[in-house]
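An overview of the molecular structure
In case you want the letters, here they are:
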Amino acid sequence: MIFAHIFSTMKFEDLQAINTVYTGGWYRRGKDDTSNGHLSLCRSVKDIETDSARVILDNFVVSGESDDDIIQVSSNEINKFAVCDVAISGTKRVIIGNPTADKKIFVDIESNGLHMRVDASGVHGNVVADTWFGGCSWSVDERYFCYVAQPFVATEASKAAKPKPEITSTKSVQDTKFDYGGGDWGEKYVNVSQFVICVLDTTTGQVRTVPGIDTENGCPGQPVFVSRGSRCGIVYTYWSTRPRRMGILMCYHRKCGLHHVDLTSFLTNASLDSASESHTGGAAEGTKLTHTCITPDIALARSARFNNSRDESSGCLVFLGRTAPMQTHNGCWQLFAVDVGTAVGGAEVQFSLPRVTVDLVSVPDSRGGSMQFPGLFCDQLPRRCFVADYVIAMNTAWGSSDAAIVVAVGECCRNHITRLTCLLSILPQDSCVAAKGSQFASCSVVEAVGYGSTSASDIVFVTSRPNCPLQFGIYTHQFAPAHTGSSNVRLTTPRGHEDTVLQHGCVISSKHVHVVSTVSTVKADSIGKSVGEHISGVQNKVKNLQWTVLQFSEEVPGDQGSGPVPFEAIVVNPATDAEGAGAGALPVVMVPHGGPHSVFTTNFTTIAPYAYLALELHACVVLVNYRGSVGFGDASVGCLPGHIGERDLSDVLCVMNHLKHDYTGNSYRNSVKLDFNRCCIVGGSHGGFLSATAIGKHPGLFKAAAMRNPVTNIPAMYTVSDIPGTIPTVRHCCYTSVRVIV
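Figured I'd write up the structure that's included with this text. (Residues numbered from 1 in each chain as written. Predicted model: local features only at pLDDT ≥ 70, side-chain atom pairs only at ≥ 80, totals over all residues. Heavy atoms only, no water.)

**Digging into unusual backbone geometry**
The condition is simple: The numbering of helices and of strands both runs from the N terminus, where a helix is a DSSP run of H or I of at least 4 residues and a strand a run of E of at least 2.
Residue P596 is reached from G595 by a cis peptide bond, and omega for that bond is 5°. Mapped onto the fold, P596 is located in the loop between strand 33 (586-592) and helix 7 (604-616). Positive phi values are uncommon outside glycine, yet Q222 reaches one of about 50°. With respect to the helices and strands, the residue Q222 is situated in strand 14 (residues 218-228). A positive phi angle, near 60°, is found at S685, a position not held by glycine. You can see S685 is positioned in the loop between strand 35 (674-684) and helix 11 (686-697).

In structure tokens, the structure reads:
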């Protein structure tokens, strides 16, 4: 198998350099001290020897204005931790461990040099560490910390100690036979059907679960503290469990909304005044909490983030959503904003009606040869995203690239978006970037921290490209307040980066970009070298790879004149010298992605296996983002259902024909020549289906094909798949036209 060959050629030390950044934590030593602070980066590294992920926490100290003043002080594996989070002030940290051998779950609280350990085993089960259901948040005063966990399940010993409850229901087994709300969530949530939101009091060590959530019809997750005046509560995402739970990962069309619960009385009653009281427990007696949906007229609402500013006049909640249901399993999102205040007398928190600040984009404008903003295509908002009262930093797929953007979300702001291409300046020079501009390299916001409208804010980010591993940086800017009445906010950009101006934005002055060293002191046990050395080694191996992004567009029949739908392909091949020597004609590997509504980006983490394939097989690897991919506008996603096996395959063949014309026997791109007599196609999931379709319909084009978990039996997926909800979105496709011979 080709992919087995890919990983057999990637040595253990090479895999150590392919990092996936989960979260970051940044705080300054002083609000107005932009040159001194502490940075934490949590990243995952593949360990092929144990077939597991090594989660590593790197800590850096920033002590000056230059890049040399950023020093890494520690690097530790934290696989045994589910949550490790630092408050924005930098004075508190919460660490929640995975269950120990005796099934204990410990919560460690560090505050101003003091340490407290709490056993939360009697309150909840395993903590949810991912970003789909999971999430954590600090209250504005940093006393309370909320997170998500599985419910507590009593042991046999504890069950025996409690009296058996009286049976009051006469419902028979037959009555519940078709209760589709039961079962588990499937895939990595096998045997997991429900979650609870937990609140930790970092002063007393008390851990409790938030009561009153309707667990009969839905499931909570992604909590965030929302505070105004003397009121403190939580907004969380609530997923409907009807008609079934199974099938949630990558199924963004599952019905969900935002709910709010005021915890002011709950937290007050839960405060412990004496050390003799228990550190764990359930709901306080007499505490009745009301859970209210704040997005009743929005079909999908998730990933809420709140500007927990101490400025009581600037409460703003933002979230991803869709006014109408999503007809595909993934697609373009709207960004909503809600003003948060208190009623007269401060008796309760009040939410304004949600307003759209970034709307759907059907077909992006491509005038001038560069694709403009294609709409929002992202998994989540950064956990901390506010850089000013009404300005956020976030990420989106922008064609075949990951893009960092800033968005004004004030009352009069709509589609005020700026792409931060200036962040790519930390990448080393590259021939593709020099020829095409920096628009095709990838950049993502890890964390954004604002310090009020009069102070500069910081953005922790990561950049990469197919021939350069992840590079981290800190971007310091001062952002305009962009209050709700600001209807004419203008953008000024650093000299030399005028291309970042796309629409009205919010940046008013540029200060500096720090480059964070990727050198790590973590030891790879089997070889005794630092991860930093491996990163340098991998960079030396891939730095001479050539890559480019090919751009295409195609009219969609019956699309009512919305314009040609764009699609792209990423081409990666070994470098040749000026005369084209040292290569000969390269074999071609065509790779359509799975999904189908996903995308290949130039992020090194995504590209790395294919970069190694290009190097080790001395081949040209072509990653095709056909129509139906995310990152190219809503029309691109919507044009594929009902035409699967037609439009997506047509785009793969279109890219092949372009390569044959421009890459064979001429001097295009450093005299690279391609041998289409040695062409194969590789894909997984929906990409595997396209590979099967390609060799079935066009057997003469490909000499070989490799299909990983291909989609070849749609009817069976209704009954055996963990994602049955995706099937209706493609039920009018042409899967039946392909026969796969095993």
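**A few points about helix 7**
To keep it simple, the criterion reads: Given the number of residues in a helix, its expected span is that number minus one, multiplied by 1.5 Å. A residue's bend is simply the angle between two axes: one fitted to the seven residues ending at it, one to the seven starting at it. Here the term buried applies to any residue with accessible area under 20% of the maximum for its type, exposed to any over 50%, and partly exposed to those in between, with areas from a 1.4 Å probe on protein chains only.
For helix 7, which comprises 13 residues, the first-to-last C-alpha distance of 17 Å matches the rise-based estimate of 18 Å (1.5 Å per residue) to within 8%. Maximal helix bending in helix 7 amounts to about 30°, located at Y610. Within helix 7, burial applies to F604, I607, A608, P609, Y610, A611, Y612, L613 and A614. Following helix 7 by one or two positions, H618 adopts a phi angle in the positive range, close to 50°.

**What to know about the sheet that holds strand 5 (residues 81-86)**
Our working definition: Strand pairing follows a simple DSSP-based rule, namely that at least 2 bridges must link the two strands. Orientation is described by lines fitted to C-alpha atoms, with helices fitted over the stretch in contact, and by angles between N-to-C directions that extend from 0 to 180 degrees.
In space, the four strands of this open sheet follow the order 5-6-7-8, with antiparallel pairing throughout. Two strands close off the open sheet at either side, each with one partner strand: strand 5 and strand 8 (114-119). Between one strand axis and the next, the sheet turns through 10° on average, direction left out of account. Relative to strand 8, strand 7 (residues 106-111) is paired through six bridges, and the arrangement is antiparallel. Paired with E110 across the bridge in strand 8 is H115.

**Observations concerning the side chain of S464**
Convention followed: Here a polar contact is taken to be a pair of N or O atoms separated by no more than 3.5 Å, where protein atoms must pair a possible hydrogen donor with a possible acceptor and residues adjacent in sequence count only if both atoms sit in side chains. Any two residues having at least one pair of non-hydrogen atoms within 4.5 Å are treated as being in contact.
Within the element layout of this structure, S464 appears in strand 28 (residues 457-465). The buried category is assigned to S464, whose relative accessible area is 1%. Side chain to side chain, S464 and N603 meet in a polar contact 3.5 Å long. With residues near it in sequence (within four places) discarded, S464 still touches L427, A441, S442, P469, L470, T602, N603 and F604.

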